[in-house]
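A structural walkthrough
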Amino acid sequence: NTGMFTYDPGFTSTASCESGLTYIDGDAGVLLHRGYPIGQLAEQSSFMEVCYLLLNGELPSAKELADFTTTITRHTMVHEQLTAFFRGFRRDAHPMAIMVGVVGALSAFYHDSTDINDPEQRRIASHRLIAKMPTIAAMAYKYSVGQPFVYPRNDLSYTANFLNMTFSVPAEDYKIDPVVVDAMDKIFTLHADHEQNASTSTVRLAGSSGANPFACIAAGIACLWGPAHGGANEAALNMLREIGTVDRIPEYIARAKNKDDPFRLMGFGHRVYKNYDPRATVMQKTAKDVLEKLGVNDPIFDVAKELEQIALNDPYFIEKKLYPNVDFYSGVILSAIGFPTEMFTVLFALARTVGWVAQWNEMISDPAQKIGRPRQLYTGPTQRDYVAVDKR
Ligand code: SDX
């Protein structure tokens, strides 16, 4: 939002902004949230605590965390009229299509938190978005499988509540396994924020025009859906399933290296990381832990580990500095928990909502911020005069 533009030789302009939320050193593979390393936060903190940290800049005291968690918990229900909104979708609609539509419509339900110039309304909108995203995500899943919606419960933690709304059915309560809750909470933390990625930049640009926060987050969800961005977790597991067995890996490595083949290794490479994505390190360890504790023997995990080893030792990937990113192993865990691949990017959006909201707040509360206006390097024709059609 400082309006600084830099042009790289590839003629792609990169709008830059000032932000104190997240720091990435792509060459060193470092990711800090308000100064705290992502590995420490994932292993020692909780997603609710990371939400507080991103929104407020400091880790909370025990009372601050309790109060914040209570506030979020008490915003998890959605307007009952919203359930009718879902019924307009086909049952086979991609859950991300539902998320874009329903979240974009929230401003029609929560008029009292759309005035971006009112700090109190911004605070309420921020809490509503973080609190209601799990409910809406679970509803999108329930609608796609033809099961009744399950209401949030105030006696469950943020992550356990989401799992219960997703997997519980009237005929049988969902058995809340602490191993699954811990893994899901880690995955949320690993996806919380990531500097000025494409979807966050989309939220900032939409927000810079003064659009309401619900519309801005819907824009971020739409951008995240792409397979080059948040859609990569769904694409990565589908790729691993298509490879199927370790002996078929060389065929796909060869395709990824073939410039004439549009195929890319999904879950590999990154616009910023030219070293190992620190989130992928935690994700691989979590995948190993969860599969062992759940007693799941998924051959796809072996394919993923072998593919990683082959790629990391291949001159092409070494020269291009391509490493696994956050999306490479996440699908193995989500699949073991019971999510279909179509829900993977929805989970990314659920977790990234706090990052989008925190980045939006940081920008919108800066009195000096102006509407974003990326410029271009014009490559079209020089000025010329109009020619009547009968003279062309
Ligand atoms: C996310 O920005 C963020 O922070 C995003 C994110 C977040 O938290 O918000 O981290 C989340 O989006 C992670 C990325 C998920 N996407 C994928 O895993 C899809 C597969 N990856 C690629 O599509 C690709 O790596 C991108 C899109 C992520 C980056 O593409 P770039 O900008 O082309 O990558 P690059 O400049 O580093 O590429 C260098 C070279 C290129 O070849 P040359 O043009 O130099 O000949 O490596 C090639 C690329 O073609 N390359 C790949 C590859 N990724 C890049 N070749 C094969 N397989 C790949 N995965």
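Per an unreviewed UniProt entry, the recorded name for the protein chain is Citrate synthase, and the organism is Sphingobium scionense. According to the UniProt record, the Sequence similarities (unreviewed entry) comment for the protein chain reads "Belongs to the citrate synthase family." A UniProt comment under Catalytic activity (unreviewed entry) is attached to the protein chain, and it reads "oxaloacetate + acetyl-CoA + H2O = citrate + CoA + H(+)".

With that out of the way, let us pick up the pairing of strand β3 (residues 22-25). Residues Thr-22 and Ile-24 of β3 are buried on one face, while the alternating residues Tyr-23 and Asp-25, pointing to the opposite face, are not. In this structure, β3 lies alongside strand β4 (residues 30-33), joined through four bridges in antiparallel fashion. Opposite Tyr-23, over in β4, you have Leu-32 as the bridge partner. A loop of four residues connects β3 with β4, the two strands running antiparallel in sequence, and Gly-29 in this loop sits at a positive phi of about 70°.

A complete count under the given rule lists 16 salt bridges for this structure. Of the charged contacts, one joins Lys-63 and Asp-67 as a salt bridge, the two residues approaching to 2.4 Å between their closest N and O atoms. Of the two residues, Lys-63 and Asp-67 are both situated in helix α3 (residues 62-73); the distance of four residues between them amounts to about one turn of the helix. Residue Asp-67 is classed as partly exposed on the basis of its relative accessible area of 39%. Between Arg-128 and Asp-112 there is a salt bridge, with the nearest N and O atoms lying 2.6 Å from each other. Of this pair, Arg-128 sits in helix α6 (residues 119-145) while Asp-112 sits in the loop between α5 (95-105) and α6, placing them 16 residues apart in sequence.

Take the sheet that holds β3 next. Across the sheet, three strands lie side by side as β3-β4-β5; this open sheet has antiparallel pairing. Bordering the open sheet on either side are β3 and β5 (36-37), each of which pairs with just one other strand. Of the pairings in the sheet, the one linking β4 to β5 comprises two bridges and is antiparallel in character. Bridge pairing in β5 places Leu-32 opposite Pro-37.

Our next topic: the packing of helix α9 (residues 198-208) against helix α17 (residues 344-364). Here α9 crosses α17 at 40°, and the two axes come no closer than 9 Å. Here α9 lies oblique to α17, going by the angle between them. Crossing of α9 over α17 shows right-handed handedness. Contacts from Ser-199, Thr-200, Val-203, Arg-204, Gly-207 and Ser-208 in α9 reach Arg-352, Trp-356, Gln-359, Trp-360, Glu-362, Met-363 and Ile-364 in α17. Per-class residue counts for the contact of α9 with α17 are five nonpolar, five polar and three charged.

Attention shifts here to the site of the ligand. Neighbouring the ligand are 25 residues; His-194, Arg-264, His-270, Lys-274 and Arg-279 lie closest to it. In the model, an oxygen atom of the ligand is placed 2.5 Å from a nitrogen or oxygen of the His-270 side chain. If the ligand stood free it would expose 1000 Å²; the protein chains cover 81% of that surface. Per-class residue counts for the shell around the ligand are 10 nonpolar, seven polar and eight charged.

All told, the structure shown has 20 aromatic pairs when counted by the stated rule. Taking 6.0 Å as the distance between ring centres and 55° as the angle between the ring planes, the aromatic pair formed by Phe-162 and Phe-188 counts as tilted. Residue Phe-162 is found in helix α7 (residues 158-167), and its partner Phe-188 is found in helix α8 (residues 178-190); the two are separated by 26 residues along the sequence. Classification of Phe-188 as buried rests on a relative accessible area of 0%. Ring plane angle 10° and centroid distance 6.0 Å describe the contact between Phe-162 and Phe-339, whose orientation is recorded as stacked. In this pair, Phe-162 sits in helix α7 while Phe-339 sits in the loop between α16 (327-337) and α17, placing the two residues 177 residues apart along the sequence. For Phe-162, a relative accessible area of 0% corresponds to the buried category. Residue classification places Phe-339 among the buried residues on the basis of a relative accessible area of 3%.

What counts and what doesn't
Residues numbered from 1 in each chain as written. Predicted model: local features only at pLDDT ≥ 70, side-chain atom pairs only at ≥ 80, totals over all residues. Heavy atoms only, no water. UniProt positions renumbered as here; feature names shortened; annotations may be inferred. Buried < 20%, exposed > 50% of the residue type's maximum accessible area, 1.4 Å probe, protein only. Helix = DSSP H or I, 4+ residues; strand = E, 2+ residues; numbered from the N terminus. Pairing = 2+ DSSP bridges. Salt bridge = Lys/Arg side-chain N within 4 Å of Asp/Glu carboxyl O. Axes fitted to C-alpha atoms, helices over the stretch in contact; angles between N-to-C directions. Parallel < 35°, antiparallel > 145°, perpendicular 65-115°, else oblique. Left-handed = near helix turned anticlockwise from the far one by under 90°. Contact = heavy atoms within 4.5 Å. Nonpolar A, V, L, I, M, F, W, Y, C, P; charged D, E, K, R; others polar. Near = heavy atom within 4 Å. Polar contact = N/O pair within 3.5 Å; in protein donor to acceptor, adjacent residues only side chain to side chain. Areas by Shrake-Rupley, 256 points an atom, 1.4 Å probe, with all protein chains shown as cover. Phe/Tyr/Trp six-rings, centres within 6.5 Å; stacked < 30°, edge-to-face > 60°.

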